[in-house]
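So you can see what is in the structure, the chains are spelled out below.
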Amino acid sequence: MTQSVVVQVGQCGNQIGCCFWDLALREHAAVNQKGIYDEAISSFFRNVDTRVVGDGGSISKGKICSLKARAVLIDMEEGVVNEILQGPLRDVFDTKQLITDISGSGNNWAVGHKVFGSLYQDQILEKFRKSAEHCDCLQCFFIIHSMGGGTGSGLGTFLLKVLEDEFPEVYRFVTSIYPSGEDDVITSPYNSILAMKELNEHADCVLPIDNQSLFDIISKIDLMVNSGKLGTTVKPKSLVTSSSGALKKQHKKPFDAMNNIVANLLLNLTSSARFEGSLNMDLNEISMNLVPFPQLHYLVSSLTPLYTLTDVNIPPRRLDQMFSDAFSKDHQLLRADPKHSLYLACALMVRGNVQISDLRRNIERLKPSLQFVSWNQEGWKTSLCSVPPVGHSHSLLALANNTCVKPTFMELKERFMRLYKKKAHLHHYLQVEGMEESCFTEAVSSLSALIQEYDQLDATKNMPVQDLPRLSIAM
Amino acid sequence: MSIVTVQLGQCGNQIGFEVFDALLSDSHSSQGLCSMRENEAYQASCKERFFSEEENGVPIARAVLVDMEPKVINQMLSKAAQSGQWKYGQHACFCQKQGSGNNWAYGYSVHGPRHEESIMNIIRKEVEKCDSFSGFFIIMSMAGGTGSGLGAFVTQNLEDQYSNSLKMNQIIWPYGTGEVIVQNYNSILTLSHLYRSSDALLLHENDAIHKICAKLMNIKQISFSDINQVLAHQLGSVFQPTYSAESSFHYRRNPLGDLMEHLVPHPEFKMLSVRNIPHMSENSLAYTTFTWAGLLKHLRQMLISNAKMEEGIDRHVWPPLSGLPPLSKMSLNKDLHFNTSIANLVILRGKDVQSADVEGFKDPALYTSWLKPVNAFNVWKTQRAFSKYEKSAVLVSNSQFLVKPLDMIVGKAWNMFASKAYIHQYTKFGIEEEDFLDSFTSLEQVVASYCNL
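Residues numbered from 1 in each chain as written. Chains lettered and ligands numbered in written order. Predicted model: local features only at pLDDT ≥ 70, side-chain atom pairs only at ≥ 80, totals over all residues. Heavy atoms only, no water.

### Remarks on the interface of chain A and chain B
With 52 residues of chain A at the contact, the number on the chain B side is 51 residues. When the two sides are added together, the surface that chain A and chain B hide from each other amounts to roughly 4400 Å², 53% of it contributed by carbon and sulfur. Broken down residue by residue, the surface that chain A buries against chain B is led by Met288, Arg470 and Leu471 of chain A, which jointly contribute 18%. Taken together, the connections running from chain A to chain B amount to four salt bridges. Here Asp407 of chain B and Arg470 of chain A are joined by a salt bridge, their closest N and O atoms 2.8 Å apart. Counting the contacts that link chain A with chain B gives 31 residue pairs in polar contact (both at pLDDT 80 or more). Those elements that place two or more of their residues in the side of chain A that touches chain B are β6 (138-146), α9 (254-274), α10 (284-290), β10 (342-352), α12 (356-366) and β12 (380-385) of chain A. By residue class, the composition of the side of chain A that touches chain B is 25 nonpolar, 15 polar and 12 charged. (Contact = heavy atoms within 4.5 Å. Buried area = accessible area lost by both parts, 1.4 Å probe. Salt bridge = Lys/Arg side-chain N within 4 Å of Asp/Glu carboxyl O. Polar contact = N/O pair within 3.5 Å; in protein donor to acceptor, adjacent residues only side chain to side chain. Helix = DSSP H or I, 4+ residues; strand = E, 2+ residues; numbered from the N terminus. Nonpolar A, V, L, I, M, F, W, Y, C, P; charged D, E, K, R; others polar.)

Right, here's the structure in full:
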């Protein structure tokens, strides 16, 4: 069994990380009733004897003593991380896993990347090495960060290079929260595009998510729940609707519900690696199947169903709805419309009581309405994990390598250019040591090249699929 | 003689379990519909073939379980032990912590060399337990990375280290509409390498088995377990003991040797397919009776019309007229979808088996011109019924059955290769474009050879 380490960076990364560890504990508690430290739990948690002083004390078998998250928490201000350490998850973390500062990155990628990167490089590396030493087969680093702020975008992408140099064979999966057009950080376009260059060069897979999509999904659920249409049958404690269980609180802190969606994404992504199923999928299969060219490693995700009905027996029609919804633009975690764009590859990761015939039936049913690139007409990767998420009888995570990510990148570039042409706020970046204007021009060139790759693929859309002449054999 | 089964990857291990379970369930069945003496001889032969000396009276499968991640192997070990009827050897397993990631190159070039010694040691110990060794049966999928890449590597090692023993690979053909995105690459790499190192490839298509579950078995929600049980039934029907036509006093002793002697007369033609009749749900079976004439008529029509199951057979396909020149024959094959054979083996199990008439399979028009029907066709029989069927027939065929599926896979892989998609994932682990081209060349040759029968 392999292990993964979660690296949560910045305010946003740590808030999502907090939700992730809460849900992970609940998921494993639901599956593992006897409290035995098993292989599945070991993927994300160490089992530690708290009586042992220092870094040792790992226990690989037997009863759970004290679970410690395989995590590194990084923020350049103390607020969120301190809140975690005071909160209900305090026993899961150790102060040795933290790197914090007090001044923050000032919503400035350059400060996060150049100043704090240099300042904390050795500490970051030390934390990574320590977390890796505790794994007996480290497979993946999950980095969670936002693109709009300075710490998430700057330091969050700086450590990608550190990881690549130190652990070249360990995957780097990045969950990046993209700012929406109305983001209150005015410099977010600069931060995002500077970060994009790093993601292009150093990430294995990026799961782009934007706040507006999360907000729209939460609003859709609210509307459904409060309309009375399904009110009597929606499970109030479903993980996707709210971890607190009280719908009123959801309005006070909408970010909790939004963070839960991202946390569920990561749990569903790794469910087949942790739990048993008739068609297993490990993490190394994701980049193998979904990244046809090294630069095109952005995957659009959707999670269905959004809420859970109380019926445990699923009529096939409702199951089919789960599959249909996965391709609808309203269920994507990025504002994107994959159904009307071009698929390079698609993974369907199913959990719960779903059989291979359900999977095959839905692929056959959906295929005619989706357009796949000419050289990958059957570009499906499938997995079946028998363990459903807590509170659900079944769920589906769809990951698409699809040209529908292009509008997000184009919009980002437009917002960047609008600021850049006026040289607005540029001096805040250029005064940072090591920062030059060429950093900006190179970053926008990198993004433009990526957009062009997608353009070339889109150009093949609607062209007739023709088989190429094959090798002829002399008889 | 005994067979050592090597189970590779998630797919190979799940199927292997079902095969051993099916073999022993059939062996223990009280509905053999034959004499007690006959039944006891059948059971003894099955046991010697597939199981080694009993520990506390429980047979131990002659098997080696290989996977690069531990979940499935652990599951199979405990399921077998829980049955109480049989189990796997405790030291017959090899697994690691991280899988091959659906990457043939990783399985073949990294996992293979790294674990060669450990895996071959376990296999050697299993072979040494056999009083008389017939050969290896290797179960694998060609879609993923462990079954396909590591499977090709292991088979090559078996060829090097046991060059006098036979190797038959049982290969699972992935769903045509996609289950692994790089499955076509993995498939061409697997098949081209196995063509050099294996003695025979017995191929099962997931799509065909799925249809059997849906249409013949009437299963509404088909699980992988259902699919694997149909596969196991088909394999069991081939490998359970039979008499040869020449000697009706002892069950044949060299199952792999006899099979390949009959079916693989030339190393360029080694792709085998299986067709079973009947396949039926328990409910339907209770209300149905079979005649040998009916079963064999359907089976023959399945053969010549290239049908994958008894439902939906094209009844208008006929053998070409004998005496036509080869060019005309090729034209007829293409137009009428007639399936030409190299060699066929029909295995008959059950009641009144001696009365079954297999003359229809001896028609020279079914076969390629360079092999006489007396050499191209064989029949094995036993009065002992198989599984729940009073009468059952299975055809193991070396014919054009797999030309179209192979041609499609090569075509899809070629289109993807032309775009250079995913190639970087393979070159990272030492499989270069030249290796792909070698595979394409090799398989185009196989397609052409079968097309020109």
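### Details of unusual backbone geometry
A cis geometry characterises the amide bond from Thr304 of chain A onward to Pro305 of chain A, with omega recorded as -10 degrees. On the secondary structure map, Pro305 of chain A appears in the loop between β9 (300-304) and α11 (316-325). In this model, Ile277 of chain B is joined to Pro278 of chain B through a cis peptide bond whose omega is 0 degrees. For Pro278 of chain B, the location among the structural elements is in the loop between β10 (271-277) and α10 (282-285). A positive phi is found at Asn107 of chain A, a non-glycine position, where the angle reads about 55 degrees. Its place among the elements puts Asn107 of chain A in the loop between β5 (98-100) and α4 (109-133).

### Remarks on the nonpolar core
Counting residues in hydrophobic clusters, the biggest one holds 305 residues, and the most contacted among them are Ile286 of chain A together with Tyr88 of chain B. Contact partners of Tyr88 of chain B, with chain neighbours within four places excluded, come to Gln7, Gly16, Phe17, Phe20, Ile60, Ala61, Ala63, Leu65, Met76, Leu77 and Ala80 of chain B. (Core = buried A, V, L, I, M, F, W, Y, C linked by side-chain atoms within 4.5 Å. Buried < 20%, exposed > 50% of the residue type's maximum accessible area, 1.4 Å probe, protein only.)

### Describing the pattern of salt bridges
Taken as a whole, this structure holds 35 salt bridges over all chains when the rule is applied. Residue Asp358 of chain A is joined to Arg361 of chain A by a salt bridge in which the shortest nitrogen-to-oxygen separation is 3.2 Å. Highlighted residues: Asp358 of chain A and Arg361 of chain A, both in helix α12, separated by three residues, approximately one helical turn. When its relative accessible area of 30% is taken as the criterion, Arg361 of chain A is described as partly exposed. One salt bridge in this structure joins Lys362 of chain B and Glu359 of chain B, with 3.1 Å as the shortest N-O distance.

### Some remarks on the domain arrangement of chain B
All names here are of chain B. What the domain assignment reports for chain B is domain 1 (2-272), domain 2 (277-401) and domain 3 (404-452). Counting residues at the interface gives six residues for domain 2, matched by four residues for domain 3. Carbon and sulfur atoms make up 43% of the surface buried where domain 2 meets domain 3, a total of about 410 Å² over both sides. Inspection of the domain 2/domain 3 interface yields two residue pairs in polar contact (both at pLDDT 80 or more). (Domains from an automatic or database assignment.)

### Details of the packing of helix α14 (residues 403-419) of chain B against helix α16 (residues 433-451) of chain B
Residue and element names in this part refer to chain B. In contact at an axis separation of 10 Å, α14 and α16 are set at 155 degrees when each is read in the N-to-C sense. Taken together, α14 and α16 sit at an angle that is classed as roughly antiparallel. Of the two possible hands of crossing, α14 and α16 adopt the one that is left-handed. Seen from α14, the contacting residues are Val403, Leu406, Asp407, Val410, Ala413, Trp414 and Phe417; seen from α16, they are Glu433, Phe436, Leu437, Phe440, Leu443, Glu444, Val446, Val447, Tyr450 and Cys451. Here the contact of α14 with α16 is built from residues that sort into 14 nonpolar, no polar and three charged. (Axes fitted to C-alpha atoms, helices over the stretch in contact; angles between N-to-C directions. Parallel < 35°, antiparallel > 145°, perpendicular 65-115°, else oblique. Left-handed = near helix turned anticlockwise from the far one by under 90°.)

### Details of the sheet that holds strand β4 (residues 71-75) of chain A
Residue and element names in this part refer to chain A. Strand order across the open sheet formed by six strands is β5-β4-β1-β6-β7-β8, with parallel pairing between neighbours. Sheet topology places β5 and β8 (205-210) at the edges, where each strand pairs with a single neighbour. Put simply, the sheet's adjacent strands are angled 15 degrees from each other on average, direction ignored. Looking at chain direction, β6 and strand β7 (residues 171-178) are connected through seven bridges and run parallel. (Pairing = 2+ DSSP bridges.)

### Points about the pairing of β9 of chain A
All names here are of chain A. Of all five residues in β9, five are buried, a share of seventy percent or more. Side chains Val300, Ser302 and Thr304 project from β9 onto one buried face, and the interleaved Ser301 and Leu303 project onto a second face that is buried too. One ladder, built from five bridges, connects β9 with strand β13 (residues 394-402); its direction is antiparallel. If you follow Ser302 over to β13, its bridge partner there is Ala398.

### Here's the deal with helix α4 (residues 104-128) of chain B
Quick reminder: α-helices carry 3.6 residues per turn. Residues three or four places apart thus point the same way. Taking 1.5 Å of rise per residue, 25 residues should cover 36 Å, yet α4 of chain B covers just 30 Å from first to last C-alpha, more than 12% shy of that figure. The largest bend in α4 of chain B amounts to roughly 65 degrees and is located at Glu116 of chain B. (Expected span 1.5 Å × (residues − 1). Bend = angle between axes of the 7 residues up to and from the residue.)

### Comments concerning the environment of Phe429 of chain B
Residues and elements named next belong to chain B. Along the polypeptide, Phe429 turns up in the loop between α15 (423-427) and α16. With 277 residues separating them along the chain, Phe429 and Ala152 place their C-alpha atoms 15 Å apart. Once residues within four sequence positions are removed from consideration, Phe429 is found in contact with Asn103, Ala105, Tyr106, Ser109 and Val110.

### Considerations on the UniProt feature "binding site: GTP" in chain A
Residues and elements named next belong to chain A. UniProt records the feature "binding site: GTP" at Gly148, Gly149, Gly150, Thr151, Gly152, Ser153 and Gly154, using the numbering of this structure. Judged by relative accessible area, Gly150 falls into the buried class, the value being 3%. For Ser153, a relative accessible area of 0% gives the class buried. Those residues in contact with Ser153 that sit more than four places away from it in its chain are Trp109, His145, Ser146, Met147, Asn191 and Ala195. Of note is the side chain of Ser153, whose polar atom sits 2.5 Å from the backbone oxygen of Gly149. (UniProt positions renumbered as here; feature names shortened; annotations may be inferred.)

### So, the packing of aromatic side chains
All chains considered together, the criterion is met by 50 aromatic pairs over all chains. Their ring planes at 90 degrees and their centres at 5.9 Å tell us that Trp21 of chain A and Phe44 of chain A sit as a pair that is edge-to-face. One end of the pair, Trp21 of chain A, is in helix α1 (residues 10-31); the other, Phe44 of chain A, is in the loop between α2 (39-42) and β2 (45-47), with 23 residues separating them in the sequence. The same class applies to Trp21 of chain A and to Phe44 of chain A, which are both buried. Arranged with centres 5.0 Å apart and planes meeting at 65 degrees, the rings of Tyr185 of chain B and Phe436 of chain B form a pair that is edge-to-face. Here the residue Tyr185 of chain B occupies a position in helix α6 (residues 183-197), and Phe436 of chain B occupies one in helix α16, the gap between them amounting to 251 residues. The class of Tyr185 of chain B is buried, set by a relative accessible area of 0%. The exposure class of Phe436 of chain B is buried, given its relative accessible area of 0%. The structure contains a cluster of three or more aromatic residues connected by ring pairs, namely Phe20, Trp21, Phe44, Phe45, Phe93, Phe142, Tyr171 and Phe173 of chain A. Between the NZ or CZ atom of Lys270 of chain B and the centre of the ring of Tyr195 of chain B, over which it lies, the distance is 5.2 Å. Above the ring of Phe417 of chain B, the side-chain terminus of Lys420 of chain B is found at 4.6 Å from the ring centroid. (Phe/Tyr/Trp six-rings, centres within 6.5 Å; stacked < 30°, edge-to-face > 60°. Lys NZ or Arg CZ within 6 Å of the ring centre and 35° of its normal.)

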